[in-house]
Amino acid sequence: MNPYVLTILLSSLGLGTVLTFASSHWLLAWMGLEINTLAIIPIMAQQHHPRAIEATTKYFLTQATAAAMILFASTTNAWLMGEWEIHQLSHPLATTTVMLALALKLGLAPVHFWLPEVLQGLELTTGLILSTWQKLAPFALMIQVAPTINSSLLVAIGLLSTLVGGWGGLNQTQLRKIMAYSSIAHLGWMVLILQFAPSLTLLSLSLYIIMTSSAFLTLKTNNALTINTLATSWTKSPTLAALAALVLLSLGGLPPLSGFMPKWLILQELTKQGLPLSATLAAMTALLSLYFYLRLCYALTLTIYPNTLTATAPWRLNFTMITLPLSIITILALGLLPLTPAVTAMLAL
């Protein structure tokens, strides 16, 4: 793609998200979401591959449907209650419709079916943008409207998303689909705690973006798209393979890695709020996700790709990819757990 065109598209992507962040009026927030969607469509379709075009079409249709639902809900609220402000969303029909529309935007269960299919058709860099940056604008709106939404609905969507995210990834062999189900599960954890502690949701979102970025950049560096190709990465770069296994375990939420912090704090907060059953179910669904992360770790570190050559290659091409972003993000994805006391003190302020 022409670098000037790419610069315009990425600038529009940032503009749409910032516009939604800064808006207090539903029409302005809707415009930001539309600019965001229209900016990423050419980036998704730049490969000119049938799978990429199919993924782009599916993404456009789902996002357009969600945007139309948001417009309908905000217009209904303005008609019935006389308010266009995002914080003044008060009619039950409008709040439920907006919640379902934002769930469709994010890919939360039970309206998650588009996300694995779309992510499977994209290259890893575009998949990274879709899994991280594209979640920010809808989440900003969801945090603003959360106080007006029925808490039972939020908890139900959160638990269903963690269950579907864990269950759906169990029998997958394609890494992009596994990352999609991982995204659904993590978003479920965030929605679960959204009404009780919005600051914890922001913490979880930040750590999710860090860990997912590290995982996608690792897969891009290894040029791996399936579980089988992961087995070749040990011979290419043993250090990166070992760190990638730790990043996957961090995504699974194992201590003493960074991914344990949000799960620990969320379970603690749910118990404080008198929801021990929800906390227990969420912890059990996390085990489903942990299983497929362990599968990836096994393929990455404990298997050797079938190789018919008896001698090792005497030369190797120079590695030209920039690895500084991967290095920084991987360090953050692995080593932030000791900061938990500082984070909890900041959240308490």
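Residues numbered from 1 in each chain as written. Predicted model: local features only at pLDDT ≥ 70, side-chain atom pairs only at ≥ 80, totals over all residues. Heavy atoms only, no water.

An unreviewed UniProt entry annotates the protein as NADH-ubiquinone oxidoreductase chain 2 originating from Oncorhynchus clarkii. According to its UniProt record, the protein has this under Function (unreviewed entry): "Core subunit of the mitochondrial membrane respiratory chain NADH dehydrogenase (Complex I) which catalyzes electron transfer from NADH through the respiratory chain, using ubiquinone as an electron acceptor. Essential for the catalytic activity and assembly of complex I." Note on the protein: under the UniProt heading Sequence similarities (unreviewed entry), the record states "Belongs to the complex I subunit 2 family." (UniProt positions renumbered as here; feature names shortened; annotations may be inferred.)

### A look at a nonpolar patch on the surface
A contiguous nonpolar patch, built from Ile322, Leu324, Ile328 and Leu332 and spanning about 400 Å² of accessible area, is present on the exposed surface. Tracing the backbone through its elements, the reader meets isoleucine 322 in the loop between helix H15 (276–301) and helix H16 (324–335). The exposed category is assigned to isoleucine 322, whose relative accessible area is 70%. (Patch = residues over 30% accessible without salt bridge, like charges linked within 9 Å, V, L, I, M, F, W, Y side chains within 5 Å. Areas by Shrake-Rupley, 256 points an atom, 1.4 Å probe, with all protein chains shown as cover. Salt bridge = Lys/Arg side-chain N within 4 Å of Asp/Glu carboxyl O. Helix = DSSP H or I, 4+ residues; strand = E, 2+ residues; numbered from the N terminus. Buried < 20%, exposed > 50% of the residue type's maximum accessible area, 1.4 Å probe, protein only.)

### Comments concerning the domain arrangement of the protein
Per the domain assignment, the segments of the protein are domain 1 (1–149) and domain 2 (196–307 + 320–348). Taking the mean C-alpha position of each, domain 1 and domain 2 sit 25 Å from one another. The interface is formed by 11 residues belonging to domain 1 together with 14 residues belonging to domain 2. When domain 1 packs against domain 2, close to 1000 Å² is buried across both sides, 86% of that on carbon and sulfur atoms. Of all residues in domain 1, the largest losses of buried area upon contact with domain 2 belong to Leu124, Leu128 and Ile143, amounting jointly to 49% of the total for that side. Put simply, domain 1 and domain 2 have two residue pairs in polar contact (both at pLDDT 80 or more) between them. Taken together, the elements giving at least two residues each to the side of domain 1 that touches domain 2 come down to helix H6 (124–131) and helix H7 (136–145). (Domains from an automatic or database assignment. Contact = heavy atoms within 4.5 Å. Buried area = accessible area lost by both parts, 1.4 Å probe. Polar contact = N/O pair within 3.5 Å; in protein donor to acceptor, adjacent residues only side chain to side chain.)

### Section: the packing of aromatic side chains
Evaluation of the coordinates by the stated rule reveals three aromatic pairs. Centroid distance phenylalanine 292 to tyrosine 293: 4.9 Å. Interplanar angle 55 degrees. Geometry classified as tilted. Here phenylalanine 292 and tyrosine 293 have matching classes, each one buried. (Phe/Tyr/Trp six-rings, centres within 6.5 Å; stacked < 30°, edge-to-face > 60°.)

### Section: the packing of helix H1 (residues 3–22) against helix H2 (residues 26–44)
The interhelical angle for the contact between H1 and H2, taken along N-to-C directions, is 155 degrees, at an axis separation of 7 Å. As summarised for this structure, H1 and H2 are arranged roughly antiparallel, according to the angle between their axes. Of the two elements, H1 crosses H2, and the hand of that crossing is left-handed. In this structure, H1 uses Leu6, Leu9, Leu10, Ser12, Leu13, Gly16, Thr17, Leu19 and Thr20 to contact H2, whose residues at the interface are Leu28, Ala29, Met31, Gly32, Leu33, Ile35, Asn36, Ala39, Ile40, Pro42 and Ile43. In terms of residue class, the contact of H1 with H2 is made up of 14 nonpolar, six polar and no charged. (Axes fitted to C-alpha atoms, helices over the stretch in contact; angles between N-to-C directions. Parallel < 35°, antiparallel > 145°, perpendicular 65-115°, else oblique. Left-handed = near helix turned anticlockwise from the far one by under 90°. Nonpolar A, V, L, I, M, F, W, Y, C, P; charged D, E, K, R; others polar.)

### Things to note about the UniProt feature "transmembrane region" (unreviewed entry) in the protein
Taking the numbering used here, the UniProt-annotated feature "transmembrane region" (unreviewed entry) corresponds to residues 60–81, 93–116, 136–166, 178–196, 202–219, 240–261, 281–305 and 317–339. Between the first and last C-alpha atoms of residues 136–166 the distance is 22 Å; the span itself is 84% helix and 0% strand. The distance from the first to the last C-alpha atom of residues 202–219 is 26 Å, and the span holds 100% helix and 0% strand.

### Things to note about the environment of alanine 244
Tracing the backbone through its elements, the reader meets alanine 244 in helix H13 (residues 238–252). Sequence separation between alanine 244 and leucine 159 is 85 residues, and the spatial gap between their C-alpha atoms is 28 Å.

### Re the nonpolar core
Ile40, Tyr59, Val118, Leu130, Leu175 and Met261 are the most contacted members of the largest nonpolar core, which totals 69 residues. Looking at which domains feed residues into this core, each of domain 1 (1–149) and domain 2 (196–307 + 320–348) supplies at least three. Setting aside chain neighbours within four positions, we find leucine 130 in contact with Ile40, Tyr59, Leu115, Val118, Leu119, Leu122 and Lys135. In this structure, Leu33, Leu108, Met142 and Val145 belong to the second largest nonpolar core, which totals 31 residues. (Core = buried A, V, L, I, M, F, W, Y, C linked by side-chain atoms within 4.5 Å.)

### A few points about the pattern of salt bridges
Throughout the structure, instances matching the rule amount to three salt bridges. Linking glutamate 117 and lysine 177 is a salt bridge whose minimum nitrogen-to-oxygen distance equals 3.5 Å. Here glutamate 117 is found in helix H5 (residues 114–120), whereas its partner lysine 177 is found in helix H9 (residues 175–193), with 60 residues between them in sequence. By relative accessible area, glutamate 117 is classed as partly exposed at 30%. A relative accessible area of 18% places lysine 177 in the buried class.

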